[in-house]
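What follows is the residue order along each chain.
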Amino acid sequence: MKICVLPGDGIGPEIMEQALRVLEALRGDGFNFEVETALIGGSAVDATGTPYPEATSKAAKAADAILLGAVGGPKWDTLPREQRPERGLLAIRKELNLFANLRPAILYPELANASTLKPEVVAGLDILIVRELTGDIYFGQPRGVREENGERVGFNTMVYSESEIRRIGKVAFEAARKRGKKLCSVDKMNVLEATQLWRDVMIEISADYPDVELSHMLVDNAAMQLVRAPKQFDVMVTGNMFGDILSDEASMLTGSIGMLPSASLDANNKGLYEPSHGSAPDIAGKGLANPLATILSAAMMLRYTFNLEAQALRIENAVKKVLAAGYRTGDIYEAGTRQVGTREMGDAVIAAL
Ligand code: NAD
Ligand code: IPM
Ligand code: MN
């Protein structure tokens, strides 16, 4: 099994090191792998002048799965848009057709008090956000900044084709079928035509899934409902932009964004696996970052790309054990628990394996 490893920027290399140590600890348990490491994001810009070098593209295409840390940071924020680290991430998602982004927000019972919401609101939370990842206003044309009537005008285009909506809809219905059989599609059809089409196509697909209960919600209400009563949701499906925002919101229900893994899949379950959070420049290089979102992303890789359910569960159970034993990085720390750094958290997960 070939894994392309892209540590990236900021806390990326620190959290990736722990995820790789966890995978190394599983080696032999029905699981053998080769790693090819490549550059992406700001570190790629520094070394090669571009955030997604040709060599990285080649390595990613040759691999069965890609494990990514995070990209970006203040150092590169003033570069022209094509050279920004985030462009590297968008380019790899688009090039490999990774249109289905799965972001599970699960609250581990031990972290009920780490959430900023009341424990009873989040206890038992288990939501899956299915975010479309290669369309929408992120990629729509035309885009840019132009001069008009003596001032600058910035513009982007929200666009979705029927086939793009249909393929992400199917992923979401299939996921709902395997879980609580409830799917909530989130749109803004009261204002935006592209999302009226989104709703229409979701309704059409639902004919093939009579066992799944489809509901619809406007995105502003969905943002409110996620903090009011998040347990009403099972699977949520939405576009690229709304999914970006709602998944960060959902992460806080689980205690910290440092807990939220993600899988970005193509039509054949080749996937890129990464934590949902960014490069956390404020804590980078200090050994403080929570590596669990990345470790849990590696578990998702074993499950979705390599079909190694038992090994994925071994990692997830090890994480549960470590939390139950009171290990906490700063982002999930509370009085009475044991504060550890990035590497110690990795050590604890490996010991629990
Ligand atoms: P961020 O997710 O990097 O950080 C937001 C806050 O959460 C910070 O206070 C940070 O310290 C904290 N945090 C994030 N991950 C953590 C972890 N594992 N452990 C503990 N605390 C954690 O978001 P931001 O500050 O808006 O963005 C910083 C940079 O990251 C930007 O350049 C942005 O474009 C980039 N970014 C990249 C990705 C990605 O690579 N997938 C995702 C989001 C943001
Ligand atoms: C994410 C990030 C990216 C996104 C950025 C860094 C391009 O926020 O993976 O959620 O907006 O998709
Ligand atoms: Mn995001």
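Residues numbered from 1 in each chain as written. Chains lettered and ligands numbered in written order. Predicted model: local features only at pLDDT ≥ 70, side-chain atom pairs only at ≥ 80, totals over all residues.

(A) Geometry of the packing of helix H10 (residues 292–304) against helix H11 (residues 309–324). For the pair H10 and H11, interaxial distance at closest approach is 7 Å and the crossing angle is 160°. As summarised for this structure, H10 and H11 are arranged roughly antiparallel, according to the angle between their axes. Read as a crossing pair, H10 and H11 show a hand that is left-handed. Between H10, through Leu292, Ile295, Leu296, Ala298, Ala299, Leu302 and Arg303, and H11, the contact on the second element is made entirely by Glu309, Gln311, Ala312, Ile315, Glu316 and Val319. Of the residues contributing to the contact of H10 with H11, the split by class is nine nonpolar, one polar and three charged. (Axes fitted to C-alpha atoms, helices over the stretch in contact; angles between N-to-C directions. Helix = DSSP H or I, 4+ residues; strand = E, 2+ residues; numbered from the N terminus. Parallel < 35°, antiparallel > 145°, perpendicular 65-115°, else oblique. Left-handed = near helix turned anticlockwise from the far one by under 90°. Contact = placed C-beta atoms within 7 Å. Nonpolar A, V, L, I, M, F, W, Y, C, P; charged D, E, K, R; others polar.)

(B) Structural view of the site of ligand 2. The immediate surroundings of ligand 2 are formed by Gly72, Glu86, Leu89, Leu90, Asp244 and Ser276. Here the shell around ligand 2 gets three residues from one element, more than from any other, and that element is helix H4 (residues 85–95). (Near = placed C-beta within 6 Å.)

(C) Highlighting the domain arrangement of the protein chain. Each domain of the protein chain was delimited in the assignment, giving domain 1 (1–99 + 266–353) and domain 2 (107–263). Taking only C-alpha atoms, the centre of domain 1 and the centre of domain 2 are 23 Å apart. Each side of the interface is counted separately: domain 1 has 27 residues, and domain 2 has 23 residues. Taken together, the elements giving at least two residues each to the side of domain 1 that touches domain 2 come down to H4, strand S12 (271–273), H10 and H11. No other element matches the six residues that H10 contributes to the side of domain 1 that touches domain 2. (Domains from an automatic or database assignment.)

(D) Inspection of the UniProt feature "domain: Isopropylmalate dehydrogenase-like" (unreviewed entry) in the protein chain at higher detail. Mapped onto the present numbering, the UniProt feature "domain: Isopropylmalate dehydrogenase-like" (unreviewed entry) falls at residues 2–349. Across residues 2–349, helical content stands at 40% and strand content at 19%; the span's end C-alpha atoms are separated by 23 Å. (UniProt positions renumbered as here; feature names shortened; annotations may be inferred.)

(E) H11, seen in detail. Given a rise of 1.5 Å per residue, 16 residues ought to cover 22 Å, and the 22 Å separating the end C-alpha atoms of H11 matches this to within 8%. Those residues of H11 hidden inside the fold are in contact with helix H1 (12–26), H10, strand S13 (327–328) and helix H12 (342–352). Backbone geometry just after H11 places Gly326 at a positive phi near 95°. (Expected span 1.5 Å × (residues − 1).)

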